[in-house]
Amino acid sequence: MKPALLLLCALTAPAACLVEGRVLDAETGKPLPKTQVFAKPGPLKLSILHLTDDSGAFCFERLDAGAYQLAFHRTGYLDSLYGARPGADQGIVLVVDGPAAVPPVTVKMLRSAEIGGTLLEAGGEPLEGASLQLLRKVWDGGWNSDVVGDATTDDRGVFRFGRLAPGNYYVCAVPSQGPGMTTYYSRSFTFARATPIAVKPGDSIDNLAMTLNPWMPRHLSGRLAEALRPESASIILQPMGGRTHYAAEIPPDGSFSVDAPPGKYRLRFRGVPAAPPLEIDLTDGDITGLVVEPQRAFDLAISATLDGQPAPGQLALMVREVESGAVLTAHEHLNQGFRFPAVPAGLYRIEAGDQGAYVKNLIVDGKPRRDSLLDLRSAAPASIEVVMSRDVARVTGRLENSQTSLAVTVVRVDQEKSRTEALGGTTPADHTGQFKMDSLAPGRYRFFAIEGLDPDLWGSPELAAALAAKSVAVELRAGESRQLTLPVISAEEWTVGLRKSGM
Amino acid sequence: MPSRCLFLLWLLVTGVLRAQDPSKQLCVFEGTVRDSVTRQPIPKATLHLTSDDNHVDSEGVTDAAGAFRFEAVPPGRYKVAVTHRGYSDETFAPVNLAAGQTLSNAAFALDAEAIVSGRVQDSGGDPVSDAAVYAIAERWQRGVRTYEPAAHATTDDRGQFRLKVAAGTYYLSAQPLSGPVTPNRFTTDPGKPELRIATAYYPNAASLEAAAPVRLTPGRQLDGVDLVLPVVPAYHVRGVVKPYAPQPQAGALVLWNRSGDRTNHSQPGARIAPDGSFDIPAVEPGSYWLELLPFAGSPSGRMALEVVDRDVTGVTLAGTMPFDLAVHLRFDGADGQPLPPPHALQLEMLDWRLFRTTPSATVESDGTIVFSGLRSGQWVLTLAPDRDAYIQSISCGAHELAAGIMDFTNGPCGDLEIVLAGGTGEVQGSMRWPDPPWIGGPVSALLVAASGQTGNTGARRAPIDENGQFHFRFVPPGRYLVFAVAVASAPNDDGVWQNADFVKEVSGRGVAADVPSKGSVRVEVGILPADDIGHAIERIHR
C-alpha cells in the first residue's frame, strides 16, 4: 500500500517477533505479500499497521502488553479478522504478556465475490431507484430468508452487491414506486421458489438480468365466524420472509377480501383477540370462502414456589409449546402467581425464564407430572403449581484441540426443549480452549464444539443429528458440576453438516 | 454562486385565450415538459399544481410525448412543481389563470442531473472502500463564503463511486471512513507518529483552497474522477473547556476547516470528560475552528486553532453558558413615533454551522426586549422594512458596533442600546425587458447598500410586475445600487450581495440611487444575467 511504510517495516525487521504469522490465499495456499495487517489493541487505542513480505509473513516485534485482534486487508479479498469467519466481528484474541512470543498464526484470506446486474420494470425499461435485497438462508424456526445486503439501482437500473463471502445467495427486488411486485431472482414471487446464486471465492457475477413481475395479485376472501365479529377490525397478511404487509378493513358483517402477491402468509386479525393466527398459501391460487373460527384458548394462573419459599417478583416463568417451541412468558404478579392469558390449546412444557432457577416439579390438579408437561389440548386444569429450585448444574470443560484457525463456540442442546428445533445456548471457548456454562436445569443435554459457528444457521434438528457423532451427551443432576472434554467439529465438518441438513 | 443559474431552466408561457362557458369560469392548463438541453420530451414527469389563493392541490403526469393537461382548474395564481427522476426538481411561478382561460403551450424545461463517477484509492494504488465522496457547492451566508455538501456517495469495495447531483459548479472531495475491520488511523510501531488516511480534493489537492471546481452542465456525465488519499501524520488536540457544566449530556467538540468547508471536520465523538478535559485524535495539519457544539442548556464556544507538525496541548476553550440579551429601543431625538413591536426585530446568528439558533423575544414592563438562549458566536440584528423606521446605530456597553455585527464569541457584552430613526425614503423603478426575449426565469429587483456591507443593512428584493415596475418602501436614506436579477435558486444565494468585494465587482452593472429622507428616487435598470454574476464571483475568488 504505502511504499514509505513498507520501507519502515523492512528496515526494522528484527529476529524476535512477539506476534508473527503468514497470510495465504485460502484456495491456492499461495502467500499474499503486501497485505495490510493491523494489530488492534481495543477501542480508543491506536492500531499498529504492518505489511506482509514477499513470503506473506508478518512480524510485530514491539507491542505493548495487552489483548490484540489481528485484522487483514488486501484488495480483492474479504477483510478478515484472525479467527473469525468472514463477516463476523469476534475472532481469536491474542494476549501479549511480556517478552514471550505468541505461537505463529496462519491466516487464509478469501477472495471476495460480487453479484450485480440490471433491473428492468415489467415494461422493459431500466428501473432507477429500486431497492434490492441480498438474502441468504438462515434457521429461524425453519429454513427461512435473512437480508444480508441492500442495494439501490442507479440511473441505468444497475445494482451490485460486493464483498461477498462464498455461499448461496438470493436476490429480491422491491419496487419503490409504480406498478410491479416484489420479485425474487429469477422471476419468482416467493423466497421458497427463488433461484439460489452459488458464489465461489473471487466470482464476479455481473450480468444478472432481472425483470420486475407485473402486479398480478392473488385474492383472499372469507369471513369471521359469528362469535368473532367486532366493532372495528382489520385483516393483515404478513408475508413469510418478506417485508411489505397487505391489509384490509373488516366491515361489521365480518367479511374480508384482500389482494396480495403470490406467496405464503401469516394471517392476523387486528381488533379480534380470539382469532387464531393462521398460515395461508397463496402461491398457486386464490383462496375464497375462508371461515375463521375462534381459537380455543385458556387463561392460566400458576402458583409457584422457589426452594420452599413463595416465588420472588422478578422471577419469570415460560410455557413452551412442545411441537413448535413457541414461548409465552409471564412475571410473578403482586403475589398472585403467574398469569398467562389466552394460551392456545396444545401441549406445553413449563420452564423457568431466569438463569439460575429451574422447574423441579409440576403439580397439576394435585398430582405431580414428572415430565413437566402441561396438557391443554382439551381443557385447562383447575390448579397448576410449580416447584422451582436454584439447585442448578454447571459444566466446565476444554476442547480436545484448541489449535484451530477459527474461533470455537460451544453449543448446548437441551434435549427436552423442542421436538422440532435444536434449542439451547452457546458460549465461546476462550483462547486456551476453556469454556463454562452455569445455571443449567437438571436434564439431558448434548454439547457441540464448532469451529467457525454461524449462530444464524444453527437450530435444525437434522443439522444437530448430522454433527451428533462428534458431540457429547450428558445427563446433569441437580447441583452437579461436570467436567467435559469436547472434540472440535471443524469448519469443514460444519459445512458438510449444513449441506446434509438442507441448507 | 452555483452556476446552475448559468444554465437556467426556462419557462415560456404563451397564453391563448379562448371562450369558455362563462357560468363555470373554469380554466384549462396544458403544455409540455422537455429536457432543457436535448429538447426531448420527458414522459411520466409529475406536475403538482398548487395555489395559495384557493385550495387547489392537483397532480398530473405527462404522456409519452411529454404533454400534460389540467382541466377544470379554478382561476387563480398558481405554482407548478415539476419533478422527474433524474432531473432537478423545479418550481415555476407564477402561472396566472384568468376566469375561463385556456392556457396552452406552456413549455417547462427541466435540467437533467449530472453524474460524476470515479475511483478513490490510497497512495499505493489500492482502492479505498467506504470513503465518503462529496460534491461541495459554494454558498454565501451574509457575505461570507461557505462550502456545503450538495450530494454525497460512498465508494464500494472497488473504490468506485457514482454521484448524482443537480447541474452546477462543485468541488469534489473524498474522505475515508473507518471500516468495521480496518481503522483509518494507525501507527507503524508503538510510540511512532500517528498516521491517518487524509481527505483529498479533486484533482488530488490536499485542501479545498488548492482544488479546482468542476462545472457540471445539465445531464453531463463526468467519468474518471480519480482521487488518491494520502497518508499523513496526524496529531492530537488536547485541552480543557472552562468553565464547563455538562447538562444533561456531555458536550461534543468539532474541528472545522477554516476554509469554510463544512464536509471536512473531525469525526464526531470527541467527547469532553466531566472535568472539561478533551483529547481529539487523528487531526490532520491545517487551520481549524475548534467548536464546542451547543446542546440545550450547555455551554458553547469557539476558537481558532493551527495544527502544524505536533500535538497541540494545553488548549483552553472558553465555554459560554446560554445567555440573555436585553435590548433597549429608542428613536433618535424627540421623534415621538411608536416603537416597532418585538417581532419586527430579528436576531440572527451570522456564522452558525451545525445548529441554527433563533432566540425568542419577550417584552418586559419597561419596554425592554429580552432575547433568551443566545450562544457564543457572531450575531446581527435586523429590523423588518415594513414601517418608517430603521436602525441608526447599535451600541453595547457604550461601544458602537461597526456594521451592526455583535461579536459574542466570548460571551455577552451587556445590554444593547438601539437608536432608531424615521424618515425613510423610497425607490421606484422600472426594468427594461431585453430584446431578444428573456428566457432566464423569474426576475426580481435587488437593492443593496453601495458599500456592500453586511450587518443590519441586508440585500432586499422586490417583485417586478408584468409592466416591469417595482417599488422599495421604507429604505433608510443613503446610497444604494439597484439591480434586476434572476430569482435565486438556493435560499442563501442572496448572501453574496452582502459581500463588499462582490458588490464592488458588479457595481458598474447596477444603477446608483441616492435615497433621500422622506423622499423618492426613480431608477431604470436592465437585467444582470446570471453568467455575469458568476464571473464576478470568480473574480473575487478567495
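Residues numbered from 1 in each chain as written. Chains lettered and ligands numbered in written order. Predicted model: local features only at pLDDT ≥ 70, side-chain atom pairs only at ≥ 80, totals over all residues.

1. Focus on the overall build of chain B
Tallying secondary structure elements over chain B gives two helices and 43 strands in all. With 542 residues in all, chain B has 39% of them scored as buried. Residue pairs in contact within chain B that sit at least 24 positions apart in sequence constitute 74% of those at least 6 positions apart. (Helix = DSSP H or I, 4+ residues; strand = E, 2+ residues; numbered from the N terminus. Buried ≥ 20, exposed ≤ 12 C-beta atoms within 10 Å, placed from the backbone. Contact = placed C-beta atoms within 7 Å.)

2. Focus on the overall build of chain A
Per the secondary structure count, chain A includes three helices and 41 strands. For chain A, the spread of C-alpha atoms along the principal axes amounts to about 85 × 70 × 40 Å. In chain A, buried positions account for 34% of the 503 residues. Considering only contacts within chain A whose residues lie at least 6 apart along the sequence, 71% involve residues at least 24 apart.

3. Concerning the domain arrangement of chain A
Residue and element names in this part refer to chain A. Its domain assignment divides chain A into domain 1 (3-109), domain 2 (113-211), domain 3 (225-292), domain 4 (297-389) and domain 5 (393-500). Distance from the C-alpha centre of domain 2 to the C-alpha centre of domain 3: 28 Å. Residue composition of the side of domain 2 that touches domain 3, by class: three nonpolar, four polar and no charged. (Domains from an automatic or database assignment. Nonpolar A, V, L, I, M, F, W, Y, C, P; charged D, E, K, R; others polar.)

4. A short note on the sheet that holds strand S30 (residues 369-374) of chain B
All names here are of chain B. Strand order in the open sheet formed by six strands is S29-S30-S27-S35-S32-S33, and the pairing between neighbours is mixed. The open sheet has two edge strands, strand S29 (360-363) and strand S33 (399-400), and neither has a second partner. Pairing between S29 and S30: four bridges, direction antiparallel. Pairing of Ala361 across the sheet is with Phe371, part of S30. (Pairing = 2+ DSSP bridges.)

5. Focus on the interface of chain B and chain A
Chain B puts 26 residues into the contact, and the matching count from chain A is 28 residues. Mapped by element, the contributors of at least two residues to the side of chain B that touches chain A are strand S9 (114-122), strand S12 (160-165) and strand S14 (185-187) of chain B. Among the elements that make up the side of chain B that touches chain A, the one with the highest residue count is S14 of chain B (three residues). For the side of chain B that touches chain A, the residue count by class is eight nonpolar, seven polar and 11 charged. Pairing analysis gives two bridges linking strand S3 (residues 47-51) of chain A to S14 of chain B, with the strands arranged parallel. Note that in S14 of chain B the partner of Ser47 of chain A across the bridge is Phe186 of chain B.

6. Here we look at the pairing of strand S36 (residues 425-431) of chain B
Residue and element names in this part refer to chain B. Alternating residues of S36 divide into Gly425, Val427, Gly429 and Met431, all buried, and Glu426, Gln428 and Ser430, none buried. Direction of pairing for S36 relative to strand S39 (residues 469-475): antiparallel, over a ladder of five bridges. Each bridged residue has a counterpart across the sheet, and for Ser430 the counterpart in S39 is Gln469.

7. Things to note about the sheet that holds strand S17 (residues 218-224) of chain A
Neighbouring strands of a sheet are bound in pairs by backbone hydrogen bonds; such pairs are parallel or else antiparallel. Residues and elements named next belong to chain A. Taken in spatial order, the three strands make up an open sheet running S20-S17-S23, and their pairing is mixed. With one partner strand each, in any of the chains shown, strand S20 (255-260) and strand S23 (287-292) form the two edges of the open sheet. Neighbour-to-neighbour, the strand axes of the sheet open up by a mean angle of 25 degrees, direction not taken into account. As paired elements, S17 and S23 share four bridges and run parallel to each other. (Axes fitted to C-alpha atoms, helices over the stretch in contact; angles between N-to-C directions.)

8. Topic: helix H3 (residues 491-500) of chain A
Residues and elements named next belong to chain A. Within H3, the full set of buried residues consists of Trp494, Gly497 and Leu498. Each buried residue of H3 sits inside an arc of 100 degrees when the element is viewed along its axis, so together they form one side. Projecting away from the buried face of H3 at angles above 90 degrees are the exposed residues Glu492 and Arg499. In this structure, the buried residues of H3 make contact with strand S38 (443-451), helix H2 (461-466) and strand S41 (488-489). Within two residues after H3, Gly502 carries a phi angle of roughly 95 degrees, on the positive side. (Arc of directions from axis to C-beta.)

9. Remarks on the nonpolar core
As a rule of thumb, nonpolar side chains are buried together in soluble globular proteins. Ranked by internal contacts, the top residues of the largest apolar core, which has 74 residues, are Leu70, Ala449 and Ile450 of chain A together with Leu253, Leu255 and Val283 of chain B. Broken down by element, this core gets its largest block of residues, five residues, from S38 of chain A. In contact with Ile450 of chain A, not counting residues within four places along its chain, are Val408, Thr409, Val411, Ile489 and Trp494 of chain A. Core analysis: the second largest hydrophobic core is formed by 33 residues, Val496, Val525, Ala536 and Ile537 of chain B among them. (Core = buried A, V, L, I, M, F, W, Y, C linked by C-beta atoms within 7 Å.)

10. Points about the confidence of the model for chain A
For chain A, per-residue confidence averages 88 on the pLDDT scale, and residues scoring 70 or more make up 95% of the total. Predicted confidence is poor over residues 1-14 of chain A, with pLDDT under 50, and the contacts of this stretch with residues over four places away or in other chains come to 19 contacts. (pLDDT = per-residue confidence, 0-100.)

11. Comments concerning unusual backbone geometry
Put simply, Tyr185 of chain A and Ser186 of chain A share a cis peptide bond, and its omega is 5 degrees. Tracing the backbone shows Ser186 of chain A in the loop between strand S14 (183-184) and strand S15 (197-199). For the peptide bond that leads from Tyr202 of chain B to Pro203 of chain B, omega is -5 degrees, which places it in the cis range. By secondary structure assignment, the location of Pro203 of chain B is in the loop between strand S16 (200-201) and strand S17 (214-216). Here the phi dihedral of Asp365 of chain A falls at roughly 50 degrees; this positive angle occurs in a residue that is not glycine. Following the sequence through the fold, Asp365 of chain A ends up in the loop between strand S30 (358-364) and strand S31 (367-369).

12. Regarding helix H2 (residues 530-539) of chain B
All names here are of chain B. Residues of H2 that are buried: Ala530, Ile533, Ala536 and Ile537. Buried residues in H2, looked at end-on, bunch into an arc of 120 degrees, giving them a common side. Tucked into the core, H2 has its buried residues touching strand S40 (478-486), helix H1 (500-506) and strand S43 (527-528).

13. Side note on the environment of Leu300 of chain A
All names here are of chain A. Tracing the backbone shows Leu300 in strand S24 (residues 297-306). Sequence separation of Leu300 and Met503 is 203 residues, and the distance between their C-alpha atoms is 39 Å. Sequence-distant contacts of Leu300, that is, excluding residues within four places in its chain, are made with Phe340, Val343, Ala380 and Ile384.

14. Quick notes on the environment of Phe502 of chain B
Residues and elements named next belong to chain B. Looking at the secondary structure, you find Phe502 in helix H1. Considered as a pair, Phe502 and His48 are 454 residues apart in the sequence and their alpha carbons are 37 Å apart. Each residue touching Phe502, except ones within four places of it in the same chain, is listed here: Gly452, Val496, Trp497, Ala536, Ile537 and Ile540.

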